[in-house]
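# Descriptive structure summary
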Amino acid sequence: MPHAAGPAIAESHAARPWVGQSIPRVEDAALLTGRGRFIDDLGVRPGTLYAAILRSPHAHAEILSIDLAAALRADGVVAVLTGDDIKALTTSLVVGVKAPIECWPIAVGRVRYVGESVAVVVASDRYKAEDAVDLIDVQYRALAANIDPLKALSPNSPVIHDGFGGNVASDRTFRYGDPERAFAEAAHRISIDIRYPRNSCTPIETYGVVADYDASEDAFDILANFQGPFSIHAVISRALKVPGNRVRLRTPPDSGGSFGVKQGVFPYIVLLAAASRAVGRPVKWIEDRLEHLTASVSATNRATTLSAAVAPDGRISALDWDQVEDCGAHLRAPEPATLYRMHGNLTGAYDVANVAVRNRVVVTNKTPTGLNRGFGGPQVYFALERLMQRIAIELKLDPLDVIKRNLVPADMFPYRTATGALLDSGDYQEAIARGVRGGALEELKARRDLARAEGRLYGIGYAAVVEPSVSNMGYITTVLTAAERRKAGPKNGAQATATVAVDPLGSISVHVASVPQGQGHRTVLAQVVADVFGLTPADVRVNTEIDTAKDAWSIASGNYASRFAAAVAGTAKLAAERIAARLARVAASQFNTDADDIVFEHGTVHSRRNPDNKIAFSRLAGLSHWSPGTLPDDIQQTIRETVFWTPPELTAPDEEDRVNSSLCYGFIFDFCGVEIDRTTLMTRIDRYVTMHDCGTILHPGMVDGQIRGGFAQALGAALYEEYAHAADGSFLTGTFADYLLPTTVEVPDPVILHMETPSPFTPLGSKGVGEGNCMSTPVCIANAVADALGMKDVELPLVPAKLADIVRGAEPAPPAGRHAGTPRTPKGDRQLRGEGSATVAASPEAVWAMLLDPATLQAVIPGCHAVERISDTHFRADVTIGVGPVKGRYRAEVTLSDLDAPRAVTLGGSAEGALGFGNGEGRITLTPENAGTVVRYEYDAAIGGKVASIGGRLLDGAARVIIGQFFSALARQAGGAPAQDRPLLVRKLRALFGRRS
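Residues numbered from 1 in each chain as written. Predicted model: local features only at pLDDT ≥ 70, side-chain atom pairs only at ≥ 80, totals over all residues. Heavy atoms only, no water.

### Side note on the overall build of the chain
Short version of the rule: The secondary structure listing takes helices from DSSP runs of H or I that are at least 4 residues long and strands from runs of E that are at least 2 residues long, numbered from the N terminus. Here the term buried applies to any residue with accessible area under 20% of the maximum for its type, exposed to any over 50%, and partly exposed to those in between, with areas from a 1.4 Å probe on protein chains only. Whether two residues are in contact is decided by their heavy atoms, any of which lying within 4.5 Å being enough. For accessible areas, the Shrake-Rupley method is used with a probe of radius 1.4 Å. Any residue's cover is judged against the shown protein chains and nothing else. Charge assignment: positive for Lys and Arg, negative for Asp and Glu; neither His nor the chain ends contribute. Lysine's charge is taken at NZ, arginine's at CZ, aspartate's at CG and glutamate's at CD.
Along its length, the chain carries 27 helices and 35 strands. For the chain, with 997 residues in total, the buried portion stands at 59%. Of all intrachain contacts in the chain linking residues separated by at least 6 positions in sequence, the fraction that spans at least 24 positions is 77%. Surface exposure of the chain reaches about 37700 Å², of which carbon and sulfur atoms provide 53%. Between the mean site of the 101 positive side-chain charges and the mean site of the 111 negative ones, the chain shows a separation of 2 Å.

Here's what the structure looks like:
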């Protein structure tokens, strides 16, 4: 319902309200001068220890043994904890569905994804902890991995959790209206298959936790850059086996971005809190960038088949959704929320009465998923808006006409969708009309026509989406049947919390349970509250940190689901209004007038009818402190007001599985023109227009900033970013050299347009705006690329290599037939291949003896600590190897075969260590030449684990350098020339300049 201002503040001041102005952000002074206070900037208690984590190099493997002896002997190491230790101190994390499985914050018996925690080293500093990680010796037995969600459906697929009886964690079907009849009567059934990839939001600051266990209180004090939802607090306390009032969870004053990702820090909160309990001292852990890309949460990847029942004019009467959601190795809270957040608005901006849905959630050997900007929206709208374009193409209609023909009519708001959402307000037709005019669509069409006439590849794409905000805490229970929900009890609402306080001198303080990550919440809250009291924003101080031991909060607290403007800022307004209403009655009693005659403006409180009858706001506000006895008898204190607000529109799912999954719904209409270079197949955005209706705009500058930020991240999802995995589950994009992010050079300046239709359900009329372009932009660009190339199907990211396969056809297979003696290609993910030669000033017989002598090998192998001869043809080595920015210790096994002494030998073997694992085979030939021997070698190898994630393009070069160092050292040992790898270099150059762009 609308929230009207009370009579005492109907006119807070005659000047222009602060809300709606783009005032300077109060946060920026500290941030721009290096005085921000992030988690790693804050001091820690004396005696604090530091943690480093050993992570799995395998996507799926049994842990056979863990030898901690060397690590425990290392300098500064206090403890090394494994899965069994953590299991003894905690209970399983809550699993997102009802199933007899366990989910721990560390691997117990088996690893299920690359990067999963295997052991935690706690030491006097981070450096010593990291060094000790390299000394842990873990023996694994690799298992078959599963990274494809559709293959995970097969009963023959490797099982990841025995409790699921397969890899399907949930399988639910829904029916709304009469979709079977609608499809039967429709003139056309038009379908599309979508594979939406994984990506993430990569905040500049990674995870951080400082955990301190107090044995005397059996309580935990935890500082973490966690963002909420604080329903996870209950998950943490349950896992730590203490009541909730014994887990104090605090957040730092500043957080270096999140975009949803920092919800995923909570397993580490449990892990580090258990470590603190084990060692009896505080433990600090700051995640590094390699860890974050490899092992923090990402968005889900999803396979969708979407069909529409369509009339000849493009009008849709039914939709049929079949969605397979890949939540990774563990179904951690709040998953499978990504799949169900959009359930109430699966029809998007369209008036569709009949909907069928099948939702399947699968587990795979990939990183567990969690909140990411857009949270379920990009996956839904990529399918829905691609389908809208497909309908237009197949029926030979204009794509924009198909969109407009299906929109919810403006006179039907609030509009109840078939699946249960209550779309609060809007005029989608008018928003599109304004977007078309303001974005100059006709001019863009003319540019497209001219470009095509000149033979250039140019296309236009559209997208119309509804942006949900303020999530209903009960929507996730839609994964349960109605009977299961009745048994579990109802869950619903979206409690927002705000406290407004007045000090003895009349200064105003505001606290909200929001945890911003750079959005400017303090500025906007100061504007909102200043308007209520007739003050300036500078008169209002805002605190957005959370301390669950002291502050007002609820399970819905936190910064997610675009809830700030609609819920949190509105709740602060309600709290301020309650105090203002009481102050107005105090002033009215002094002025001998009515409360509705009182006006707050310019730092004073006065009578509207008699402006000279006034009092300074600070003096009036301080009365409750200095002279409470002078207050009228029926007036409560005016010192502090805390408001818990939840909207009545957010009810639990009903018996027919309809759910209003969010409180309010903005509208976005995007269109863009793109040109694709025929030679490079790079996509250039010629113009991008985005029209937003996010209700009442509180701070125009920040709204535009949110849109630009969402657009930049969405551009990355469309054109650059993807979490890539090898067939064995190894993670291949562990650095920004391989996981590509757009920079300011690649991000064009979008045309941003606005209209405002206030929400009747929120105190300020506002709706969310921060996530919308992450939902609309990827599919808008994809539709434009499809239009430019005349393609039926497109798959993100739209990198030139993918477009090349479509435009030019697949690369031809390499020529067959390798010469005898060439090593066999090993199985693995990152494939390495090389060849070279070295001249050694010794006879073949002498070189042969050196190759088989452990002492010589130890002297010439780079980074070698020891070589042990197991047999005449089996050696074991302990080596430290660096690749790119990291180094690690490896245990290597080498066997000799195909011996032709002293002319040739094949070396095969494997290595495993903290950086990952590898296997390979190489052929070495010895040829006498002049007074020495030419040693020629060629090798094939494959590597996986962390080294594959972070090495990227460095790996070929690193392999050449290490092997070159080996033969150079061998030559020096015998007094000869250095190794040469020129044949490989020539081959690389030939391949580089001969390959098609």
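### Here we look at helix 23 (residues 844–851)
To keep things clear, this is the line we draw: Summarising the geometry, the arc corresponds to the directions from the helix axis toward the C-beta atoms.
All of the buried residues in helix 23 are P844, V847, W848, M850 and L851. In an axial view of helix 23, the angular spread of the buried residues amounts to 160 degrees, which keeps them on one side of the axis.

### As for the packing of aromatic side chains
Just so we agree on the cut-off: Note on aromatic contacts: the rings of Phe and Tyr and the six-membered ring of Trp form a pair at centre separations within 6.5 Å, being stacked when their planes are under 30 degrees apart, edge-to-face when over 60 apart, and tilted otherwise. For a ring to carry a charge above it, either NZ of a lysine or CZ of an arginine must fall within 6 Å of the ring centroid while also lying within 35 degrees of the normal to the ring plane.
Following the criterion strictly, the structure yields 17 aromatic pairs and no others. Between Y213 and F220, the ring centres sit 4.8 Å apart and the planes meet at 45 degrees, which makes this aromatic pair tilted. For the pair shown, Y213 and F220 are each scored as buried. With centroids separated by 5.3 Å and ring planes inclined at 50 degrees, the aromatic side chains of F533 and F617 adopt a geometry described as tilted. Linking F533 in helix 16 (residues 521–533) with F617 in helix 18 (residues 617–621), this pair joins segments that are 84 residues apart in sequence. Owing to a relative accessible area of 0%, F533 belongs among the buried residues under this scheme. Exposure remark for F617: the relative accessible area of 2% places this residue in the buried category. Aromatic ring contacts, followed pair by pair, group F174, Y176 and Y340 into a single cluster. The side chain of R189 reaches across the aromatic face of F183, ending 4.2 Å from its centre.

### Thoughts on the pairing of strand 2 (residues 61–67)
What counts is decided by this rule: We treat two strands as partners when DSSP finds at least two bridges between them.
Taken together, the 2 bridges between strand 2 and strand 4 (residues 110–111) define a ladder with antiparallel strand orientation. Note on strand 4: the bridge partner recorded for A61 is V111. For strand 2 and strand 6 (residues 137–142), the ladder comprises 6 bridges, and the chain directions are antiparallel. By the bridge assignment, I63 is partnered in strand 6 with Y140.

### Thoughts on the sheet that holds strand 7 (residues 168–176)
Cut-off, in case you're wondering: Axes here refer to lines fitted to C-alpha atoms; in helices the fit is confined to the stretch in contact. Angles between the N-to-C directions go from 0 to 180 degrees.
If you walk across this open sheet you meet the 5 strands as 7-15-14-13-8, and the pairing is mixed. With one partner strand each, in any of the chains shown, strand 7 and strand 8 (188–196) form the two edges of the open sheet. Looking at each pair of strands side by side, their axes are set apart by 10 degrees on average, direction ignored. In this structure, strand 14 (residues 316–326) lies alongside strand 15 (residues 354–362), joined through 9 bridges in parallel fashion. Residue Q323 lies in a different strand from strand 15, and its bridge partner there is N359.

### Topic: the sheet that holds strand 24 (residues 614–616)
The strand order 22-23-24 describes an open sheet built from 3 strands, whose pairing is antiparallel. The two strands at the open ends of the sheet, each matched to only one other strand, are strand 22 (598–601) and strand 24. Averaged over all pairs of adjacent strands, the angle between their axes in this sheet comes to 20 degrees, without regard to strand direction. Pairing between strand 22 and strand 23 (residues 604–607): 4 bridges, direction antiparallel. When the sheet's bridge partners are listed, E601 is paired in strand 23 with T604. The strands touched by helix 17 (residues 564–591) are strand 22, strand 23 and strand 24; relative to strand 22, the strand with the most contacts, the crossing angle is about 120 degrees.

### Digging into the packing of helix 16 against helix 17
Stated formally: Any angle from 65 to 115 degrees is called roughly perpendicular, while one under 35 is roughly parallel, one over 145 is roughly antiparallel, and all others are oblique. Crossings are classed by handedness, with left-handed meaning an anticlockwise turn of the near helix from the far one by less than a right angle and right-handed meaning a clockwise turn. Three residue categories are used. Nonpolar comprises Ala, Val, Leu, Ile, Met, Phe, Trp, Tyr, Cys and Pro, charged comprises Asp, Glu, Lys and Arg, and polar comprises the others, including Gly.
Between helix 16 and helix 17, the shortest axis-to-axis distance is 9 Å and the interhelical angle comes to 30 degrees. It follows that helix 16 is roughly parallel to helix 17 by the angle criterion. Viewed along their axes, helix 16 and helix 17 form a crossing whose handedness is right-handed. Between helix 16 and helix 17, the contacting residues are H521, V524, L525, V528, V529, V532 and F533 on the first element and F564, V568, A569, A572, K573, A576, E577, I579, A580 and L583 on the second. Taken together, the residues of the contact of helix 16 with helix 17 sort by class into 14 nonpolar, 1 polar and 2 charged.

### A look at the pattern of salt bridges
Test applied: Salt bridges are counted wherever a side-chain nitrogen of Lys or Arg sits within 4 Å of a carboxyl oxygen of Asp or Glu.
Within this structure, the stated rule accounts for 56 salt bridges. Its salt-bridge partner being E443, residue R447 comes within 3.6 Å of it at the nearest N-O pair. With R447 and E443 both in helix 14 (residues 441–453) and 4 residues apart, this pair spans about one turn of that helix. What makes E443 partly exposed here is its relative accessible area of 43%. In this structure, the salt-bridge partner of R585 is D634, at a minimum N-O distance of 2.5 Å. Note that R585 is positioned in helix 17 and D634 in the loop between helix 19 (623–626) and strand 25 (640–645), a separation of 49 residues in sequence.

### Focus: helix 8 (residues 266–279)
Condition: What a helix should span is 1.5 Å times the count of its residues minus one.
Taking 1.5 Å as the rise per residue, helix 8 with 14 residues should run 20 Å; its terminal C-alpha atoms sit 20 Å apart, in good agreement. In terms of burial, helix 8 is largely enclosed, as 12 of its 14 residues are buried. Looking one or two residues past helix 8, G280 carries a phi angle of roughly 75 degrees, positive in sign.

### Quick notes on the side chain of K767
What counts is decided by this rule: Identification of polar contacts relies on pairs of N or O atoms within 3.5 Å, with a donor-acceptor requirement for protein atoms, meaning one able to donate a hydrogen and the other able to accept it, and with residues adjacent in sequence counted only if both atoms are side-chain atoms.
Inspection of the secondary structure puts K767 in the loop between strand 28 (751–755) and helix 21 (772–789). Owing to a relative accessible area of 2%, K767 belongs among the buried residues under this scheme. Side-chain polar atoms of K767 contact the backbone oxygen of Y665, separated by 3.0 Å.

### Re the packing of helix 20 (residues 700–719) against helix 21
Look at helix 20 against helix 21: their axes get within 8 Å of each other, and the N-to-C directions meet at 40 degrees. Between helix 20 and helix 21, the angle falls in the class oblique. Seen from above, helix 20 lies across helix 21 with right-handed handedness. Where helix 20 abuts helix 21, its residues I707, G710, F711, Q713, A714, L715, A717, A718 and L719 lie against N773, C774, T777, P778 and I781. When the residues that make up the contact of helix 20 with helix 21 are grouped by side-chain class, the tally is 10 nonpolar, 4 polar and no charged.

### Description of the nonpolar core
Test applied: Nonpolar cores are built from buried Ala, Val, Leu, Ile, Met, Phe, Trp, Tyr and Cys residues. Side-chain atoms within 4.5 Å join them into one set.
Of all hydrophobic cores here, the largest spans 164 residues; its most connected members are V209, I222, Y268, W321 and I781. When near neighbours in sequence (up to four residues on either side) are disregarded, W321 contacts T304, T305, L306, L346, V355, A356, V357, R358, V380, A383 and L384.

### A closer look at the environment of S730
Structurally, S730 can be placed in the loop between helix 20 and strand 28. When the C-alpha positions of S730 and P253 are compared, they lie 37 Å apart, and in sequence the two are 477 residues distant.

### Concerning the side chain of R448
Here R448 lies in helix 14. What makes R448 buried here is its relative accessible area of 18%. Here R448 is in contact with Y458, I460 and D787, once residues within four sequence places are set aside.

### With respect to the environment of L852
You can see L852 is positioned in the loop between helix 23 and helix 24 (854–860). L852 sits 20 residues away from D872 along the chain, and the two C-alpha atoms are 7.9 Å apart. Each residue touching L852, except ones within four places of it in the same chain, is listed here: R869, F875 and L896.

### Thoughts on the confidence of the model for the chain
To keep it simple, the criterion reads: Each residue carries a pLDDT value, the predictor's own confidence for that position, ranging from 0 to 100.
Model confidence for the chain is summarised by a mean pLDDT of 90, while 91% of its residues fall at 70 or above. This stretch, residues 1–14, has a pLDDT under 50; its non-local contacts, to residues over four places away or in other chains, come to 35 contacts. Taken as a whole, residues 979–997 scores under 50 in pLDDT and shows 30 contacts with residues more than four places along the chain or in a different chain.

### Quick look at the pairing of strand 10 (residues 219–224)
The two faces of a sheet get side chains in turn, since along a regular strand they alternate between them. Across the 6 residues of strand 10, 5 count as buried, placing the element largely inside the fold. The sheet contact formed by strand 9 (residues 208–214) and strand 10 spans 6 bridges and is antiparallel. Across the sheet, residue V210 finds its bridge partner in strand 10, namely L223. Between the end of strand 9 and the start of strand 10, which pair antiparallel, lie 4 residues, with D218 showing a positive phi angle near 50 degrees. Bridging between strand 10 and strand 11 (residues 247–250) involves 4 bridges; their strand directions are parallel. Within the sheet, the bridge partner assigned to D221 lies in strand 11 and is R248.

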